[in-house]
Amino acid sequence: MSDRIHATYRVWGDDIAGVAEAIRVEQTIEFPFDLAEKWIQDEVVGWIESITPSPEGYSDVHISYDTRTVGGELTQLLNVLWGNTSMLPGVRLIDVVLPDSLLASFKGPRFGIEGMRNMLNAPERGLVGTALKPMGSSPKQLAEMAYTIASAGFDTIKDDHSLANQPWAKWHERVDAIATAVREANEKHGTRCLYAPSLHLPADEIQDAAKEAKRLGAGSVLILPGICGFDALRMVAEDDDFALPVMGHPSLLGSFVTPNQHGLAHHVVFGILMRIAGADISIFPNFGGRFSFTPDECMDITKTARAPMGQMKPVWVSPAGGMTLERIDEMLDFYGNDTAALVGGALHRGDLAENSKNMVEIIHRHVGG
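Residues numbered from 1 in each chain as written. Predicted model: local features only at pLDDT ≥ 70, side-chain atom pairs only at ≥ 80, totals over all residues. Heavy atoms only, no water.

(A) Examining the environment of histidine 6 more closely. Of note, histidine 6 is situated in strand S1 (residues 4-12). A relative accessible area of 5% places histidine 6 in the buried class. The spatial distance from the C-alpha of histidine 6 to the C-alpha of methionine 309 is 14 Å, given a sequence separation of 303 residues. Side-chain polar atoms of histidine 6 contact the side chain of histidine 62, separated by 2.8 Å. (Helix = DSSP H or I, 4+ residues; strand = E, 2+ residues; numbered from the N terminus. Buried < 20%, exposed > 50% of the residue type's maximum accessible area, 1.4 Å probe, protein only. Polar contact = N/O pair within 3.5 Å; in protein donor to acceptor, adjacent residues only side chain to side chain.)

(B) Representation of the layout of surface pockets. Put simply, the largest pocket is a space of about 470 Å³. For the largest pocket, the lining is made up of 29 residues, of which His249, Arg290, Phe291, Ala320 and Gly321 are closest to its centre. Top contributing element to the lining of the largest pocket by residue count: strand S11 (residues 281-285), with three residues. Here the second largest pocket is characterised by a volume of approximately 350 Å³. Contributing to the lining of the second largest pocket are 16 residues, with Arg92, Ala265, His266, Glu297 and Asp300 lying nearest its centre. Of all elements in the fold, only S1, strand S4 (91-97), helix H12 (266-277) and helix H13 (295-306) reach the threshold of two or more residues within the lining of the second largest pocket. Top contributing element to the lining of the second largest pocket by residue count: H13, with three residues. Of the residues assigned to the lining of the second largest pocket, the class counts are five nonpolar, six polar and five charged. (1 Å grid on protein atoms, 1.4 Å probe; cavity = no way out; pocket = protein on both sides within 12 Å on 5 of 7 lines; lining within 4 Å. Points joined across faces, edges and corners; volume = space filled by probe spheres on them. Nonpolar A, V, L, I, M, F, W, Y, C, P; charged D, E, K, R; others polar.)

(C) Layout of the sheet that holds strand S9 (residues 246-248). The parallel open sheet is built from four strands, whose spatial order is S8-S9-S11-S12. Of all the strands in the sheet, just strand S8 (221-223) and strand S12 (316-320) have a single pairing partner and so form its edges. Strand-to-strand twist of the sheet, defined as the mean angle between neighbouring strand axes without regard to direction, takes the value 25°. Two strands pair when backbone bridges link them, and S11 and S12 are joined in this way by five bridges, in the parallel orientation. (Pairing = 2+ DSSP bridges. Axes fitted to C-alpha atoms, helices over the stretch in contact; angles between N-to-C directions.)

(D) Structural detail: the pattern of salt bridges. Tallying each qualifying case throughout the model produces 18 salt bridges. Two residues, lysine 107 and aspartate 240, come together in a salt bridge whose shortest N-O distance is 3.9 Å. Taken together, the residues lysine 107 in the loop between helix H4 (100-103) and helix H5 (112-120) and aspartate 240 in the loop between helix H10 (230-237) and S9 connect sequence positions 133 residues apart. Its relative accessible area of 48% is what places lysine 107 among the partly exposed residues. Aspartate 240 sits in the exposed class, given a relative accessible area of 53%. As a salt-bridge pair, aspartate 240 and arginine 110 come within 2.9 Å of each other at their nearest N and O atoms. You can see aspartate 240 sitting in the loop between H10 and S9 and its partner arginine 110 sitting in the loop between H4 and H5, a full 130 residues away along the chain. Residue arginine 110 is classed as partly exposed on the basis of its relative accessible area of 26%. Several salt bridges converge on common partners, so that one network encompasses Glu43, Asp66 and Arg68. (Salt bridge = Lys/Arg side-chain N within 4 Å of Asp/Glu carboxyl O.)

(E) Quick peek at the packing of aromatic side chains. Scanning the entire structure with this criterion turns up seven aromatic pairs. Each ring, one from phenylalanine 270 and one from phenylalanine 284, has its centre 6.4 Å from the other, and the planes form 45°; the classification is tilted. Note that phenylalanine 270 is positioned in helix H12 and phenylalanine 284 in strand S11, a separation of 14 residues in sequence. Here the two residues phenylalanine 270 and phenylalanine 284 agree in accessibility, since each one is buried. For the ring pair phenylalanine 287 and tyrosine 335, a centre distance of 6.4 Å and an interplane angle of 35° mean the geometry is tilted. Taken together, the positions of phenylalanine 287 in the loop between S11 and H13 and tyrosine 335 in helix H14 (residues 328-335) put the pair 48 residues apart, joining distant regions of the chain. (Phe/Tyr/Trp six-rings, centres within 6.5 Å; stacked < 30°, edge-to-face > 60°.)

(F) Spatial organisation of the packing of H10 against H12. The interhelical angle for the contact between H10 and H12, taken along N-to-C directions, is 45°, at an axis separation of 8 Å. In terms of orientation, H10 and H12 fall into the oblique class. Here H10 contributes Phe230, Leu233, Arg234 and Ala237 to the contact with H12, which in turn contributes Val269, Leu273, Met274 and Ala277. Counted by class, the contact of H10 with H12 contains seven nonpolar, no polar and one charged residues. (Parallel < 35°, antiparallel > 145°, perpendicular 65-115°, else oblique. Contact = heavy atoms within 4.5 Å.)

(G) Region of interest: the sheet that holds strand S6 (residues 156-159). Within the open sheet, the four strands sit side by side as S7-S6-S5-S13. Their pairing is parallel. If you trace the sheet from one side to the other, it starts and ends with strand S7 (194-196) and strand S13 (340-342), each paired once. Going across the sheet, the axis of each strand differs from the next one's by a mean of 25°, ignoring polarity. With three bridges joining them, S6 and S7 adopt parallel strand pairing. Bridge assignment links isoleucine 157 to a residue of S7, and that residue is tyrosine 195. Packing of helix H7 (residues 171-189) onto the sheet brings it into contact with strand S5 (127-132), S6 and S7, and relative to S7 it is tilted by some 165°. On the sheet, helix H15 (residues 352-365) packs against S5 and S13 and is oriented at approximately 150° with respect to S5.

See the structure below:
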């Protein structure tokens, strides 16, 4: 499609051409177009490639941008794609196509699907995962849960996104206790469970905390890019001194995607941006759970997470949000085996050890399903 950034905006309203003109200028120079030098008008300002009306009352506006407007940085890519236009009503960014020349600026996921399969000795099946909760539990309680779950053969155990640095489970004490418990379970049972503490911490502590988590024995980390920023995720994922898998959590990102006539398309946030920033696992709400994502939106995320994208490795999708053991087969049938299944609170309804064992068995027998 040429060596340019291509963005498609869905626009509602009467003056579609006027909004398209506003977007291409606002997203680049934010300056009176007629006062700009001719070369800036021609090369820096976005190009309106097409405007396609729809019988449903909106038009899809396709605008392309020179890659130089981004400077090879994720922060500026976000700014060019959505920055000031995010404050215009009746506009939604529904698709993004990036040229290989720009994608080469980003390392993306370090492991992706294949790398984590090799790490976990899981050549075909989906991954078995959970979240430690609830907030208010002590490090000892959380570590005991983690030992039980890891012993059953889980691939990943992450902190719940709400676990930060609260007084009843301070970050360092919690991470140390859980990492130790998971390591002991792995050593005793010959398993390879990865513990992912949440790096839900102040911005200036995140990178050091990732390295400290690794030193304490964590095998992965969880990052909340809606709160700390996609570039914080990128910073950790690209750090060669850290070099562990990274999970991206959807907290706060719902406000980007849920308005029907505003925001960003689901696959842009959870498929494209998570992947460019370096998430090896992209967590998002499954349809039919506590949240409002539809099957089509979830499938769009999944296709984008796995589609060819420059040198970027395809990544795991992790549909979550109120999932139960009874829905695992349905989820794997829908998403396929390149799925990191995640059951949280429901795992504790009854006997934790028995439920954990059952979840492992369900996913292991689904190979080829």
